[in-house]
Amino acid sequence: MTNYSVTHLGRDLASSLVVFLVALPLCLGIALASQAPGLDAQFNVPLVAGVVAGVVGGIVVGAISGSHTSVSGPAAGLTAVVAMQIATLGSYQVFLAAVVLGGLLQIGLGMLRAGFISAFFPTSVIKGLLAAIGVILILKQIPHLLGRDSDPQGDMSFSQPDQQNTFTELFAVVSDILQGQLVVGAAIIGVVSLLFLFLTDRVGFFKRMPVIAPVAVVVFGALVKRVFDGMDPGMRIYTEHLVNVPVTESLGQVSSFFTTPDWSRLFSTELLIAAVTVAVVASLETLLNLEAVDKVDPKQRKSPANRELFAQGCGNVASGMLGGLPVTSVIIRSSVNVSSGAATKVSAISHGVLLAGFVLFAPNLLNSIPLSCLAAILLHTGFKLANPNLFRSMWREGWNQFLPFVVTVVAIVLTDLLIGIVIGLVFAIGFILRSNVRRPLHLVREKHVSGEVLRIELANQVSFLNRGALLRALEAVPRGSRVLLDARSTDYIDSDVLDLVADFHRETAPARGISVSRIGFKDRYVGGDVIDFVDFSTRELQENMLPEHVLQVLKDGNERFRTGHGLTRNYARAVHETADGQFPLACVVSCIDSRNPTEIIFDVGLGDVFTVRIAGNVVKEKVMASIEYACAVAGAKLVVVLGHTRCGAVTAAVKLAEDHADPAEATGCEHLGAIVEELQKSIEPARELQRARDMIRRTSWAREPDEFEEQEDFPDLVARANVDRMIEVLLSQSRTVARLVEERSIAVVGGMYDVRTGRVQFFQEGQDAAERASRDKETVEEA
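Residues numbered from 1 in each chain as written. Predicted model: local features only at pLDDT ≥ 70, side-chain atom pairs only at ≥ 80, totals over all residues. Heavy atoms only, no water.

## Regarding helix H15 (residues 371–385)
Along its 15 residues, H15 runs 21 Å from first to last C-alpha, staying within 8% of the 21 Å computed at 1.5 Å per residue. Burial within H15 is extensive, with 13 of its 15 residues counted as buried. (Helix = DSSP H or I, 4+ residues; strand = E, 2+ residues; numbered from the N terminus. Expected span 1.5 Å × (residues − 1). Buried < 20%, exposed > 50% of the residue type's maximum accessible area, 1.4 Å probe, protein only.)

Put into structure tokens, the structure is as follows:
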């Protein structure tokens, strides 16, 4: 999807109307909250400066930005910075010059591709930002919802200019209610509006209404306000509880809305510091908000950070030249934009056009809108951002995610956006460093066919703080052993750590007879990757292995496969080393089914096993020839006849037997009959096995069913009976294999691979099929 789309024009325009209605009081409130204490009124922030910034943020930034859903404008998080810098510079006009210079710096940052910084923001902090904004909206809008408008809508900081804070403001609301001083008309509009917004989210009838819920709320508020004006004075809603847009008598007075920068102190240190401060703070807030907005975007689109910095820089240059406040990407307006269904950037641009148009041509209409209905829209957005499901999901992710998340939420709520974000970032980084210091590496003992290898897995970031832990781990490596340093998951390794690895490899390890291998080290890291241990079968290994050892190798490999802990292998080296010969440990007769690739499910190396694949793992003359060659000539020590659950060949054979159908006629495969006939010979033994198990299960003292017995259906029983029968056929018809078994040079075992769990269950270890059948029969007779 592009940033512009005619297909979504209706949704985008509807969303822009909602964002405009919410942005207007916020723009005015942020301007009011940015007043610098102690300055004369003529040097302070004009109320209309917030509107100018909102228009520029919508039109200029919206047009250049690459984000589909982000909305820019004056930010509540910058109010403290603006007030402080105005107080330092002594004049709003001089501050405007700093805004322009800050914008130029942002343009430079965008061109230098400084947006990469956003990739380093921890997810826990980003989600904490979203949740914190939601909590702040809920806490801050409750007073406005109930008609208490002593503070501007844009004041989002915990500590307020009137010496109150978020919580004392809530206590004041409760006090107003108890003392009967509630603004009843505004409260009724606010509560009814909020109730309607929640109903449109949850109740089918309201969901199907052909209206835009936030717009309907604003229209409702304006109409009911007019009704209340004609009623008892106690129900009236006065000016302080309405939107308050500056009104001009004529278009000629529009020029009074704009303030020009004062360039008289262009090269002063204070001005340059202010410009850098605006650029850095606005960029940081933009990048954080951009990441947060992308998180709530239903389509999960990724906004280009470098382009956003460039766009914000252009916006700040324009806003500063026109007398507006600094602009950033704003999470509140962006969240409202997303929740209203915006699909492209048309919504952000249109909201800027609406701001300019209504303020210029219909200010009186805007001034009839109660703040309580706008508070309902923001409060509803807050509930969406601070959804309990977000807190539950972060809790499930563990303490390393949950604690930074909670700290970020609490810090932002109890301070302001910027201070809270800094606290959250510091805590998250500290938590990451603490985790790395406590567990900078992970030790894994891998059992290769050639013996044990100690794998030391390095952390994602290996700093000088981790040097001591790695040194202790290397010193603890026993003499004569093999160690593998694994940096595949590592993004950064400090030079001190690299020197330690190089010294250990060159000096300490040879002196102690330790073989050192490396993987994941790039060329600039101590010579790149080297694997010194053997991770595939060799002649020496094959000759020294017994059948029971090979079986254990396969069991261990299957367990690693099931648990996702495969061995570290150098396949490139194995290709080279096995080019002149192979020394297989086992021969596996498996089905052609694509879900049971032998080398993978047993986690073996290149050339470690011979695999004979045939539909239904049927042992016929040519298959026997392959087995005989594998054992008598190539030296394999173990034969595994491997069936599997949900086998298509076995299922087809059972179905054809039930239908008394000819395989060639039923399937069109003229040579399939030879395999089907062999598989059908195992149907009756499978029925006997089923009857035996049914009888055993009816006895209260019988053994517990194994995993396959609990899950298998009849074709699975046939597949298992077929494995028993194929072993009988192999031992009775291949004198070569029978002789090797008699000499104990090899062993023949059966196995069933469960395609649902990945587990291989081995059976008949050292027994033939007849012994096992006899044992089951005796068990039945006892029952």
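Past the structure itself, the notes keep going.
## Some remarks on the side chain of Ser-481
Relative to the helices and strands, Ser-481 is located in the loop between helix H19 (467–475) and strand S6 (482–486). Within polar-contact distance, the side chain of Ser-481 engages the backbone oxygen of Pro-478 at 2.6 Å. In this structure, Ser-481 is in contact with Gly-513, Ile-514 and Ser-515, ignoring residues within four places of it in sequence. (Polar contact = N/O pair within 3.5 Å; in protein donor to acceptor, adjacent residues only side chain to side chain. Contact = heavy atoms within 4.5 Å.)

## Details of the packing of aromatic side chains
Describing an aromatic ring pair means giving the distance of the ring centres and the angle of the ring planes. Enumeration according to the criterion identifies 10 aromatic pairs in this entry. Summarising the aromatic geometry, the rings of Trp-395 and Trp-399 are spaced 5.2 Å apart at their centres and angled 70° between planes, so their arrangement reads as edge-to-face. Members of the aromatic cluster, connected to one another through ring pairs, are Phe-391, Trp-395, Trp-399, Phe-402 and Phe-405. Its guanidinium or amino end placed over the ring of Phe-763, Arg-720 lies 4.6 Å from that ring's centre, counting from NZ or CZ. (Phe/Tyr/Trp six-rings, centres within 6.5 Å; stacked < 30°, edge-to-face > 60°. Lys NZ or Arg CZ within 6 Å of the ring centre and 35° of its normal.)

## Re the environment of Lys-302
By secondary structure assignment, the location of Lys-302 is in the loop between helix H10 (269–296) and helix H11 (305–322). Sequence spacing of Lys-302 and Glu-291 is 11 residues, and the spatial spacing of their C-alpha atoms is 8.3 Å. When residues no more than four places from it in sequence are discounted, the contact partners of Lys-302 are Glu-291 and Asp-294. Only 2.6 Å separates the side chain of Lys-302 from the side chain of Glu-291, close enough to count as a polar contact.

## A closer look at empty space enclosed by the protein
Under the definition given, this model contains four cavities of 30 Å³ or more. Each pocket or cavity is described by its volume, and for the largest cavity that value is around 120 Å³. Together, 14 residues line the largest cavity, and Ala-76, Gly-77, Ile-133, Met-156 and Leu-417 are the ones closest to its centre. Mapped onto the lining of the largest cavity, the elements with two or more residues apiece are helix H5 (123–145), H10 and helix H12 (331–339). (1 Å grid on protein atoms, 1.4 Å probe; cavity = no way out; pocket = protein on both sides within 12 Å on 5 of 7 lines; lining within 4 Å. Points joined across faces, edges and corners; volume = space filled by probe spheres on them.)

## Concerning the pairing of S6
For S6, the buried fraction is high: five of the five residues fall into the buried class. Side chains of S6 alternate between two faces, with Arg-482, Leu-484 and Asp-486 and Val-483 and Leu-485 buried alike. Bridge analysis of strand S4 (residues 451–458) against S6 gives four bridges, and the strand direction is parallel. Looking across to S6, one finds that Arg-455 is bridged to Leu-484. As judged from the five bridges shared by S6 and strand S8 (residues 515–519), these two strands associate in the parallel manner. Among the inter-strand pairings, Leu-484 is bridged to a residue of S8, identified as Ser-517. (Pairing = 2+ DSSP bridges.)

Everything listed here is a matter of coordinates, which is why it stays silent on function.
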